[in-house]
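Per-entry structural report
These are the residues of each chain, in order.
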Amino acid sequence: MTILILDTGVDLSHPAFSKMNNIVQGRISKDLATKKFVCEYGKAGKDYNGHGTAITYLIAKNRPQDRIISLQIGTEDAKADDIYLLEILKFVEINIVCDIINLSVCVLNARYIDEMTQICRRLYKKGIYMVSSFDNDGRMSFPASIPYVIGVDITPNSYSAKDYFWIENSVVNVRCGIGKQRLPWLNSTMKSLEGSSFCTPHIVNKLAEGIEKFGKDKEKLIMYMKENSLSVIVMEQDEKEEIESHIENVIIFPYNKEMYNIIKFADKIRITGIYDIKGRGKIGKNIEINDDKIIYIQDWEN
(Lines give C-alpha, C1' and ligand atoms only; values in the text may rest on other atoms or scores of the structure.)
Protein backbone atom coordinates (compact mmCIF):
# COMPACT_ATOMS: atom_id res chain seq x y z
CA MET A 1 0.00 0.00 0.00
CA THR A 2 1.17 3.52 -0.75
CA ILE A 3 0.26 6.48 1.46
CA LEU A 4 0.89 9.96 0.10
CA ILE A 5 1.48 12.85 2.49
CA LEU A 6 1.13 16.39 1.12
CA ASP A 7 2.59 18.79 3.65
CA THR A 8 5.73 20.85 4.38
CA GLY A 9 8.16 18.02 3.62
CA VAL A 10 10.07 15.81 6.05
CA ASP A 11 13.43 16.04 7.81
CA LEU A 12 14.72 12.46 7.55
CA SER A 13 17.90 13.41 9.43
CA HIS A 14 15.85 13.54 12.64
CA PRO A 15 16.85 10.68 14.98
CA ALA A 16 13.19 9.60 15.14
CA PHE A 17 13.54 8.25 11.56
CA SER A 18 16.84 6.42 12.10
CA LYS A 19 15.25 2.96 11.90
CA MET A 20 12.66 3.73 9.23
CA ASN A 21 13.38 2.81 5.63
CA ASN A 22 9.92 3.06 4.08
CA ILE A 23 9.83 6.81 3.42
CA VAL A 24 10.35 8.55 0.08
CA GLN A 25 10.69 12.32 0.31
CA GLY A 26 10.29 14.91 -2.40
CA ARG A 27 8.70 18.16 -3.46
CA ILE A 28 5.97 19.24 -5.86
CA SER A 29 6.66 22.70 -7.22
CA LYS A 30 5.99 24.84 -10.28
CA ASP A 31 8.80 25.07 -12.79
CA LEU A 32 9.49 28.77 -13.37
CA ALA A 33 10.35 28.27 -17.03
CA THR A 34 7.51 25.99 -18.15
CA LYS A 35 4.94 27.10 -15.52
CA LYS A 36 4.12 23.40 -15.07
CA PHE A 37 4.19 21.43 -11.85
CA VAL A 38 6.99 18.90 -11.41
CA CYS A 39 7.91 16.41 -8.70
CA GLU A 40 11.51 16.18 -7.48
CA TYR A 41 12.42 13.29 -5.22
CA GLY A 42 15.18 13.45 -2.64
CA LYS A 43 16.44 16.20 -0.34
CA ALA A 44 14.52 18.85 -2.29
CA GLY A 45 11.61 17.86 -0.03
CA LYS A 46 13.36 18.59 3.26
CA ASP A 47 10.98 20.18 5.76
CA TYR A 48 11.15 23.94 6.24
CA ASN A 49 8.52 24.11 8.99
CA GLY A 50 8.39 20.96 11.14
CA HIS A 51 4.73 20.21 10.53
CA GLY A 52 5.32 17.67 7.76
CA THR A 53 8.03 15.92 9.79
CA ALA A 54 5.56 15.29 12.64
CA ILE A 55 2.82 14.11 10.25
CA THR A 56 5.16 11.75 8.38
CA TYR A 57 6.42 10.25 11.62
CA LEU A 58 2.91 9.46 12.86
CA ILE A 59 2.15 7.46 9.73
CA ALA A 60 5.53 5.89 8.98
CA LYS A 61 6.08 4.50 12.49
CA ASN A 62 2.64 2.86 12.51
CA ARG A 63 2.71 1.63 8.89
CA PRO A 64 6.23 0.15 8.42
CA GLN A 65 4.85 -2.29 5.84
CA ASP A 66 3.65 0.53 3.57
CA ARG A 67 5.43 2.86 1.17
CA ILE A 68 5.19 6.39 2.53
CA ILE A 69 5.66 9.26 0.07
CA SER A 70 6.07 12.59 1.86
CA LEU A 71 5.97 15.50 -0.58
CA GLN A 72 6.51 19.14 0.22
CA ILE A 73 3.92 21.52 -1.23
CA GLY A 74 4.52 25.22 -1.02
CA THR A 75 7.67 26.78 0.43
CA GLU A 76 8.58 28.90 3.40
CA ASP A 77 8.13 31.98 1.22
CA ALA A 78 5.06 30.82 -0.71
CA LYS A 79 2.42 28.88 1.22
CA ALA A 80 -0.15 26.75 -0.60
CA ASP A 81 -3.32 28.80 -1.19
CA ASP A 82 -6.60 27.57 -2.72
CA ILE A 83 -5.59 27.77 -6.39
CA TYR A 84 -2.16 26.29 -5.64
CA LEU A 85 -3.71 23.38 -3.74
CA LEU A 86 -6.15 22.85 -6.60
CA GLU A 87 -3.27 22.57 -9.08
CA ILE A 88 -1.38 20.23 -6.73
CA LEU A 89 -4.35 17.86 -6.57
CA LYS A 90 -4.62 17.93 -10.38
CA PHE A 91 -0.94 16.99 -10.59
CA VAL A 92 -1.36 14.15 -8.09
CA GLU A 93 -4.37 12.79 -9.97
CA ILE A 94 -2.35 12.39 -13.16
CA ASN A 95 1.17 11.65 -11.93
CA ILE A 96 1.22 9.85 -8.57
CA VAL A 97 -0.03 6.37 -7.80
CA CYS A 98 -1.23 5.94 -4.22
CA ASP A 99 -4.02 4.44 -2.12
CA ILE A 100 -4.53 7.09 0.58
CA ILE A 101 -3.74 10.81 0.71
CA ASN A 102 -3.06 12.51 4.04
CA LEU A 103 -3.73 16.23 3.74
CA SER A 104 -3.19 17.82 7.15
CA VAL A 105 -3.66 21.26 5.64
CA CYS A 106 -6.74 23.10 4.47
CA VAL A 107 -7.85 26.29 2.79
CA LEU A 108 -10.76 28.47 3.88
CA ASN A 109 -11.50 30.15 0.55
CA ALA A 110 -14.29 28.56 -1.51
CA ARG A 111 -13.52 30.30 -4.81
CA TYR A 112 -12.69 27.03 -6.57
CA ILE A 113 -14.91 24.66 -4.63
CA ASP A 114 -16.63 23.24 -7.71
CA GLU A 115 -13.32 22.43 -9.42
CA MET A 116 -11.88 20.97 -6.21
CA THR A 117 -14.99 18.84 -5.74
CA GLN A 118 -14.60 17.43 -9.24
CA ILE A 119 -10.96 16.49 -8.61
CA CYS A 120 -11.78 14.86 -5.25
CA ARG A 121 -14.58 12.94 -6.94
CA ARG A 122 -12.24 11.64 -9.64
CA LEU A 123 -9.64 10.59 -7.08
CA TYR A 124 -12.34 8.79 -5.13
CA LYS A 125 -13.59 7.05 -8.26
CA LYS A 126 -10.01 5.85 -8.88
CA GLY A 127 -10.02 4.22 -5.44
CA ILE A 128 -7.91 6.86 -3.71
CA TYR A 129 -9.15 7.85 -0.26
CA MET A 130 -8.31 11.38 0.88
CA VAL A 131 -8.27 12.23 4.59
CA SER A 132 -8.07 15.95 5.33
CA SER A 133 -8.12 18.07 8.48
CA PHE A 134 -10.52 20.88 9.32
CA ASP A 135 -9.38 24.25 10.59
CA ASN A 136 -8.91 24.13 14.37
CA ASP A 137 -11.11 27.20 14.85
CA GLY A 138 -14.19 25.44 13.48
CA ARG A 139 -14.39 27.31 10.19
CA MET A 140 -15.60 25.65 6.98
CA SER A 141 -12.49 24.09 5.43
CA PHE A 142 -11.60 22.61 2.08
CA PRO A 143 -11.15 19.93 0.93
CA ALA A 144 -12.16 18.47 4.33
CA SER A 145 -15.84 19.43 3.88
CA ILE A 146 -16.12 17.96 0.36
CA PRO A 147 -18.28 14.80 0.22
CA TYR A 148 -15.58 12.57 -1.34
CA VAL A 149 -13.11 13.37 1.46
CA ILE A 150 -12.96 12.09 5.04
CA GLY A 151 -12.95 15.33 7.03
CA VAL A 152 -11.26 15.26 10.45
CA ASP A 153 -12.07 17.69 13.25
CA ILE A 154 -11.34 17.71 16.98
CA THR A 155 -13.48 17.49 20.10
CA PRO A 156 -12.69 19.69 23.11
CA ASN A 157 -12.85 16.65 25.38
CA SER A 158 -9.48 15.33 26.55
CA TYR A 159 -9.47 12.01 24.72
CA SER A 160 -6.32 10.61 23.16
CA ALA A 161 -5.59 11.89 19.66
CA LYS A 162 -5.92 8.27 18.50
CA ASP A 163 -9.50 8.05 19.76
CA TYR A 164 -12.29 9.26 17.55
CA PHE A 165 -16.05 9.56 17.10
CA TRP A 166 -17.61 8.73 13.75
CA ILE A 167 -20.09 11.45 12.74
CA GLU A 168 -23.08 11.04 10.45
CA ASN A 169 -25.33 13.70 8.83
CA SER A 170 -22.53 16.27 9.00
CA VAL A 171 -19.81 17.74 6.81
CA VAL A 172 -17.44 16.54 9.54
CA ASN A 173 -16.87 12.78 9.32
CA VAL A 174 -14.57 12.25 12.30
CA ARG A 175 -13.95 14.05 15.58
CA CYS A 176 -10.73 13.10 17.36
CA GLY A 177 -9.49 13.68 20.88
CA ILE A 178 -7.45 16.78 21.52
CA GLY A 179 -4.77 15.01 23.55
CA LYS A 180 -1.23 16.35 23.09
CA GLN A 181 1.42 14.27 21.33
CA ARG A 182 5.19 14.52 21.61
CA LEU A 183 6.41 14.52 18.02
CA PRO A 184 9.62 15.17 16.04
CA TRP A 185 10.15 18.73 14.81
CA LEU A 186 12.94 20.71 13.21
CA ASN A 187 16.61 20.57 14.26
CA SER A 188 16.28 17.09 15.84
CA THR A 189 13.92 18.44 18.51
CA MET A 190 10.67 17.07 19.89
CA LYS A 191 7.57 19.19 20.38
CA SER A 192 4.25 18.79 22.22
CA LEU A 193 1.53 19.21 19.60
CA GLU A 194 -2.25 19.08 19.33
CA GLY A 195 -4.91 19.83 16.73
CA SER A 196 -6.77 18.26 13.85
CA SER A 197 -3.61 18.15 11.69
CA PHE A 198 -1.99 15.71 14.08
CA CYS A 199 -5.13 13.61 14.49
CA THR A 200 -5.57 13.08 10.75
CA PRO A 201 -2.65 10.60 10.45
CA HIS A 202 -4.30 8.34 13.05
CA ILE A 203 -7.42 8.18 10.88
CA VAL A 204 -5.22 7.42 7.87
CA ASN A 205 -3.60 4.57 9.82
CA LYS A 206 -6.97 3.14 10.82
CA LEU A 207 -8.26 3.44 7.26
CA ALA A 208 -5.14 1.63 6.01
CA GLU A 209 -5.88 -1.19 8.45
CA GLY A 210 -9.37 -1.43 7.01
CA ILE A 211 -8.09 -1.56 3.43
CA GLU A 212 -5.76 -4.39 4.40
CA LYS A 213 -8.71 -6.35 5.72
CA PHE A 214 -11.46 -5.49 3.22
CA GLY A 215 -9.84 -3.90 0.19
CA LYS A 216 -11.49 -0.67 -0.95
CA ASP A 217 -15.09 -1.71 -0.41
CA LYS A 218 -16.67 1.55 0.79
CA GLU A 219 -19.44 0.01 2.90
CA LYS A 220 -17.08 -2.40 4.67
CA LEU A 221 -14.55 0.36 5.31
CA ILE A 222 -17.15 2.67 6.82
CA MET A 223 -18.40 -0.16 9.02
CA TYR A 224 -14.81 -0.87 10.12
CA MET A 225 -14.25 2.80 10.98
CA LYS A 226 -17.49 2.86 12.96
CA GLU A 227 -16.68 -0.32 14.85
CA ASN A 228 -13.30 1.08 15.90
CA SER A 229 -14.66 4.46 16.99
CA LEU A 230 -15.56 5.44 20.55
CA SER A 231 -19.12 5.75 19.28
CA VAL A 232 -21.16 6.79 16.26
CA ILE A 233 -22.82 10.19 16.59
CA VAL A 234 -25.80 10.91 14.36
CA MET A 235 -26.34 14.64 14.08
CA GLU A 236 -29.96 15.73 14.36
CA GLN A 237 -31.44 17.80 11.59
CA ASP A 238 -32.32 21.28 12.72
CA GLU A 239 -35.58 23.05 11.96
CA LYS A 240 -34.13 24.67 8.86
CA GLU A 241 -33.30 21.29 7.39
CA GLU A 242 -36.78 20.01 8.22
CA ILE A 243 -38.34 22.97 6.40
CA GLU A 244 -36.05 22.39 3.41
CA SER A 245 -37.16 18.77 3.25
CA HIS A 246 -40.67 19.97 2.30
CA ILE A 247 -39.42 22.12 -0.59
CA GLU A 248 -39.63 20.31 -3.90
CA ASN A 249 -38.12 22.67 -6.50
CA VAL A 250 -35.26 25.10 -5.82
CA ILE A 251 -33.12 27.47 -7.87
CA ILE A 252 -29.77 28.70 -6.57
CA PHE A 253 -28.74 32.38 -6.82
CA PRO A 254 -26.01 33.49 -6.48
CA TYR A 255 -23.54 30.59 -6.50
CA ASN A 256 -21.27 30.99 -3.45
CA LYS A 257 -19.97 28.95 -0.50
CA GLU A 258 -23.18 29.35 1.48
CA MET A 259 -25.24 28.04 -1.44
CA TYR A 260 -22.71 25.24 -1.92
CA ASN A 261 -23.84 23.67 1.35
CA ILE A 262 -27.41 23.52 0.02
CA ILE A 263 -26.18 21.93 -3.20
CA LYS A 264 -24.15 19.35 -1.29
CA PHE A 265 -27.26 18.08 0.48
CA ALA A 266 -29.35 18.14 -2.67
CA ASP A 267 -30.64 14.62 -2.02
CA LYS A 268 -33.29 16.32 0.15
CA ILE A 269 -34.42 18.81 -2.50
CA ARG A 270 -34.62 19.08 -6.30
CA ILE A 271 -32.44 21.82 -7.75
CA THR A 272 -33.84 22.96 -11.08
CA GLY A 273 -31.31 25.68 -11.89
CA ILE A 274 -28.18 27.47 -10.69
CA TYR A 275 -27.64 31.13 -11.58
CA ASP A 276 -25.02 33.84 -11.13
CA ILE A 277 -24.28 37.32 -12.44
CA LYS A 278 -21.84 38.26 -15.17
CA GLY A 279 -18.30 39.24 -14.28
CA ARG A 280 -17.66 36.56 -11.62
CA GLY A 281 -16.35 33.97 -14.08
CA LYS A 282 -18.79 31.23 -13.10
CA ILE A 283 -21.45 31.33 -15.83
CA GLY A 284 -21.28 28.20 -17.97
CA LYS A 285 -19.44 26.07 -15.42
CA ASN A 286 -20.75 22.61 -14.60
CA ILE A 287 -21.78 21.92 -11.00
CA GLU A 288 -22.17 18.35 -9.80
CA ILE A 289 -25.36 17.79 -7.82
CA ASN A 290 -24.78 14.11 -7.24
CA ASP A 291 -23.14 11.21 -9.05
CA ASP A 292 -25.64 11.22 -11.91
CA LYS A 293 -26.72 14.86 -12.32
CA ILE A 294 -24.77 17.93 -13.41
CA ILE A 295 -26.21 21.45 -13.81
CA TYR A 296 -24.39 24.32 -15.48
CA ILE A 297 -24.49 27.85 -14.06
CA GLN A 298 -26.71 30.19 -16.07
CA ASP A 299 -26.79 33.97 -16.47
CA TRP A 300 -29.35 35.40 -14.05
CA GLU A 301 -30.15 38.29 -16.39
CA ASN A 302 -31.06 36.11 -19.40
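Shown above is the structure to which this text applies.
The paragraphs below set out a description of the structure included in this document. Everything numeric here is computed off the predicted structure, so don't read it as measured data.

1. What to know about the overall build of the protein
When its secondary structure is counted, the protein shows 7 helices and 16 strands. Relative to its 302 residues, the protein shows a buried fraction of 48%. At a minimum sequence separation of 6, the contacts of the protein that also span at least 24 residues come to 63%. Accessible area for the protein stands at about 14,900 Å²; split by element, carbon and sulfur atoms hold 49% of it.

2. Let's talk about a nonpolar patch on the surface
A surface patch of nonpolar side chains, about 270 Å² in accessible area, is lined by I251, I277 and W300. Among the structural elements, I251 can be located in strand 13 (residues 249–252).

3. Quick word on the nonpolar core
Counting residues in each nonpolar core, the largest one holds 36 residues, and the members touching the most others are I100, V131, V174, F198, I203 and L207. Of all the secondary-structure elements, those providing two or more residues to this core are strand 1 (2–7), helix 1 (51–60), strand 6 (129–133), strand 7 (149–154), strand 8 (164–168), strand 9 (174–176), helix 4 (196–214) and helix 5 (218–227). When residues of this core are assigned to their parent elements, the largest contribution, 7 residues, is made by helix 4. Beyond its immediate sequence surroundings of up to four residues, V131 is in contact with I100, I101, N102, L103, I150, V152, T200, I203, V204 and L207. Formed by 30 residues, the second largest nonpolar core is a distinct cluster that contains L4, I69, L85 and I119.

4. Considering unusual backbone geometry
Cis geometry marks the peptide bond from F142 to P143, where omega comes out at 10 degrees. Position of P143 relative to the elements: it lies in the loop between strand 6 and strand 7. A positive phi angle is found at N187, which is not glycine, with a value near 55 degrees. Mapped onto the elements, N187 comes out in the loop between strand 10 (181–184) and strand 11 (190–193). The residue S188 is not glycine, and still its phi comes out positive at about 60 degrees. Relative to the elements of secondary structure, S188 occurs in the loop between strand 10 and strand 11. Using a relative accessible area of 41% as the deciding quantity, one classes S188 as partly exposed.

5. A few points about the pattern of salt bridges
Scanning the model with the defined rule gives 9 salt bridges in all. The residue K206 makes a salt bridge to E209 at a minimum N-O spacing of 3.2 Å. With K206 and E209 both in helix 4 and 3 residues apart, the pair spans about one turn of that helix. Judged by its relative accessible area of 27%, E209 falls in the partly exposed class.

6. Some thoughts on helix 1
Across the 10 residues that make up helix 1, a large majority, 10, are buried. Burial in helix 1 covers these residues: H51, G52, T53, A54, I55, T56, Y57, L58, I59 and A60.

7. Describing the environment of G45
Relative to the assigned elements, G45 resides in the loop between strand 3 (37–41) and helix 1. Residue classification places G45 among the buried positions, given a relative accessible area of 0%. For the pair G45 and G26, spaced 19 residues apart in sequence, the C-alpha to C-alpha distance is 4.0 Å.

8. Some thoughts on the side chain of S196
Inspection of the secondary structure puts S196 in helix 4. If sequence neighbours within four positions are ignored, S196 has contacts with S133, F134, N136, V152, D153 and I154.

The rules behind these values
Numbering of residues starts from 1 in each chain and follows the order in which that chain's sequence is written. The predicted nature of this model means local features are confined to residues of pLDDT at least 70 and side-chain atom pairs, given and counted, to a pLDDT of 80 or more, with totals for whole chains, interfaces and linings taken over all residues. To get the side-chain values, all heavy atoms of the structure are used, and hydrogens and water are removed first. Helix numbering and strand numbering both begin at the N terminus, where a helix is a DSSP run of H or I of at least 4 residues and a strand a DSSP run of E of at least 2. Remark: exposure states derive from per-residue accessible area (1.4 Å probe, protein chains only) relative to the maximum for the residue type, with buried under 20%, exposed over 50%, and partly exposed in between. Contacts between residues were defined by any pair of non-hydrogen atoms, one from each residue, lying within 4.5 Å. Methods summary: accessible areas were calculated by the Shrake-Rupley approach with a probe of 1.4 Å, and residue burial reflects only the protein chains presented. Residues forming no salt bridge and having over 30% relative accessible area are the ones grouped into patches, like charges within 9 Å of each other and nonpolar side chains (Val, Leu, Ile, Met, Phe, Trp, Tyr) within 5 Å. When a carboxyl oxygen of Asp or Glu is within 4 Å of a side-chain nitrogen of Lys or Arg, the pair counts as a salt bridge. Within this scheme, the nonpolar core is defined by two criteria: the residues are buried Ala, Val, Leu, Ile, Met, Phe, Trp, Tyr or Cys, and they are joined through side-chain atoms within 4.5 Å.

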